[in-house]
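# Analysis of the macromolecular model
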Amino acid sequence: MIQKKKTSAKVDQFTESVIREMTRVAMKYGAVNLAQGFPDFSCPSELKQAACDAIAEDINQYALTWGDRSFRHAIAQKVRWYLGLDVDPERQITVTCGSTEAMAATMLATIDPGDEVIIFEPFYENYAPDAILANATPRYVTLHPPHWTFDQAELRQAFNEHTKAIIINTPHNPTGKVFTREELALIAELCHQWDALVFTDEIYEHILYDDRKHIAMATLPGMEERTVTINGLSKTYSITGWRVGYILANPELTEAIRKVHDFLTIGAPAPLQRAGVTAMQFPIDYYNNLAALYHEKRSTFLQILDQIEIPYSIPQGAYYVMADISQFGYSSSLEFAYYLSQEIGVAAVPGSSFFRQPEDGRSLIRFCFSKRPETLQAARERLLQLRQIVRA
Ligand code: PLP
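Residues numbered from 1 in each chain as written. Predicted model: local features only at pLDDT ≥ 70, side-chain atom pairs only at ≥ 80, totals over all residues. Heavy atoms only, no water.

With that settled, the discussion passes to the domain arrangement of the protein. Domain boundaries in the protein define domain 1 (10–43 + 285–391) and domain 2 (62–282). Each side of the interface is counted separately: domain 1 has 37 residues, and domain 2 has 38 residues. Across the domain 1 to domain 2 interface the summed buried area is about 3400 Å²; carbon plus sulfur atoms make up 58%. By the criterion of area lost to domain 2, the three top residues of domain 1 are Tyr287, Gln316 and Arg356, representing 23% of everything that side buries. On inspection of domain 1 and its partner domain 2, the count reaches two salt bridges. (Domains from an automatic or database assignment. Contact = heavy atoms within 4.5 Å. Buried area = accessible area lost by both parts, 1.4 Å probe. Salt bridge = Lys/Arg side-chain N within 4 Å of Asp/Glu carboxyl O.)

Let us look at the nonpolar core. Grouped together as the largest cluster of nonpolar side chains are 131 residues, with contacts concentrated most on Leu155, Phe367 and Leu383. Considering each element in turn, this core owes the most residues, eight residues, to helix α10 (residues 284–307). Two domains share this core, each providing at least three of its residues, namely domain 1 (10–43 + 285–391) and domain 2 (62–282). Those residues in contact with Leu155 that sit more than four places away from it in its chain are Ile118, Phe120, Val141, Phe150, Ile166, Leu186, Ile187 and Leu190. (Core = buried A, V, L, I, M, F, W, Y, C linked by side-chain atoms within 4.5 Å. Buried < 20%, exposed > 50% of the residue type's maximum accessible area, 1.4 Å probe, protein only. Helix = DSSP H or I, 4+ residues; strand = E, 2+ residues; numbered from the N terminus.)

All right, on to the site of the ligand then. Around the ligand, 14 residues are found, and the nearest of them are Ser99, Thr100, Asp201, Tyr204 and Ser234. Between the ligand and the protein, one listed contact pairs an oxygen atom with a side-chain N or O atom of Thr100 at 2.5 Å. The contact in question runs from an oxygen atom of the ligand to an N or O atom on the side chain of Ser234, over 2.6 Å. Here the ligand, which alone exposes 400 Å², has 93% of that area covered by the protein. Applying the majority rule of atoms within 2 Å of the grid points places the ligand in the second largest pocket. Of the residues contributing to the shell around the ligand, the split by class is five nonpolar, six polar and three charged. (Near = heavy atom within 4 Å. Polar contact = N/O pair within 3.5 Å; in protein donor to acceptor, adjacent residues only side chain to side chain. Areas by Shrake-Rupley, 256 points an atom, 1.4 Å probe, with all protein chains shown as cover. 1 Å grid on protein atoms, 1.4 Å probe; cavity = no way out; pocket = protein on both sides within 12 Å on 5 of 7 lines; lining within 4 Å. Sits in = over half its atoms within 2 Å of the grid points. Nonpolar A, V, L, I, M, F, W, Y, C, P; charged D, E, K, R; others polar.)

Across the junction of Pro145 and Pro146, the peptide omega takes the value 5°, indicating a cis bond. The topology assignment puts Pro146 in the loop between β4 (137–142) and α6 (152–158). With omega at -15°, the peptide bond leading from Thr170 into Pro171 counts as cis. Among the secondary structure elements, Pro171 is positioned in the loop between β5 (163–169) and α7 (181–194). Look at Trp148: it is not a glycine, yet its phi comes out positive at around 60°. In this structure, Trp148 sits in the loop between β4 and α6. Using a relative accessible area of 3% as the deciding quantity, one classes Trp148 as buried. Despite not being glycine, Arg243 has its phi angle at roughly 65°, a positive value. Following the sequence through the fold, Arg243 ends up in the loop between β7 (227–232) and β8 (245–248). What makes Arg243 partly exposed here is its relative accessible area of 31%.

Here you go:
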């Protein structure tokens, strides 16, 4: 009798998401969950109302596959005032099931076997499996602590005639790095030189510290044509469970991406897209308040790390901090993360999740501080136990 392997060679090449696994571990041990990146506070009440209204108004069937028309037009308006980009909502915007689908659909729509995609390491966990699923050959360029800068020569060397695209993520998960204009300009120069695309994940575009400004790759000279901008409502509006994201790209790329998106998911939840119109029309104050809120959360959490004497890199954006756990002497960050959940009662993501080789993230752990003050206080009380351990 013939016997066939039931699963694909592709799935053998990556593991289940450790970020999502740590949420389950947190639930199992009753740990304060500072692992997966989601807020534990309410989204704006106007958004809840808008979603309820949309369902009451019977927006309960498929939206247009590439996105509810009013939502796409509202996105175009918001992108115009915030990024200064003029995007045609009919030909250049695709609404997706989160920016997660956006990145996967973009890669599936653009990559052929043998094409290389450059990824900065550490990286958001999803990019490597995305590359595998899309048959891309990933090439990694290191971001060096403490400021998570890259070596220009290493980046130049990563580009070649097979380079189809480079993935950037600014503000960056997990490091909190915000790419500078100079760094983006060098990436742009190399993309022009090698005729490469940029897939830029800008989901944390409004979460910036110390007066930093978000610079969208598509706004650099000549880059709009070769940039696919990926974004979503999850982080800016505290609605990670709604699963609404969007892609801005030139009409040719949009056409290809829309085809993939249609066959992957048909569309994002219709009533939640309609409610997204309300989000897109929020005034600038909303974004200023969001940045101020996160500024406070970052201060609170960095104080906690200072109190327990764990070194860290100060995040410039996003809502994570990478902390150095080498003093605890664990041989793997996964082991330390399990210890932290089970014994201390705080869940975090092991640094190894953000590297190809788990050893490279051995001394790192990522905390998410997108939490209510009382959650951060509970985490403080538990994490203080580490002080005794350090000093023992
Ligand atoms: N991109 C980055 C950099 C993230 O950190 C996350 C979630 O943590 C996502 C994408 C997922 O976004 P979405 O909820 O829009 O799928």
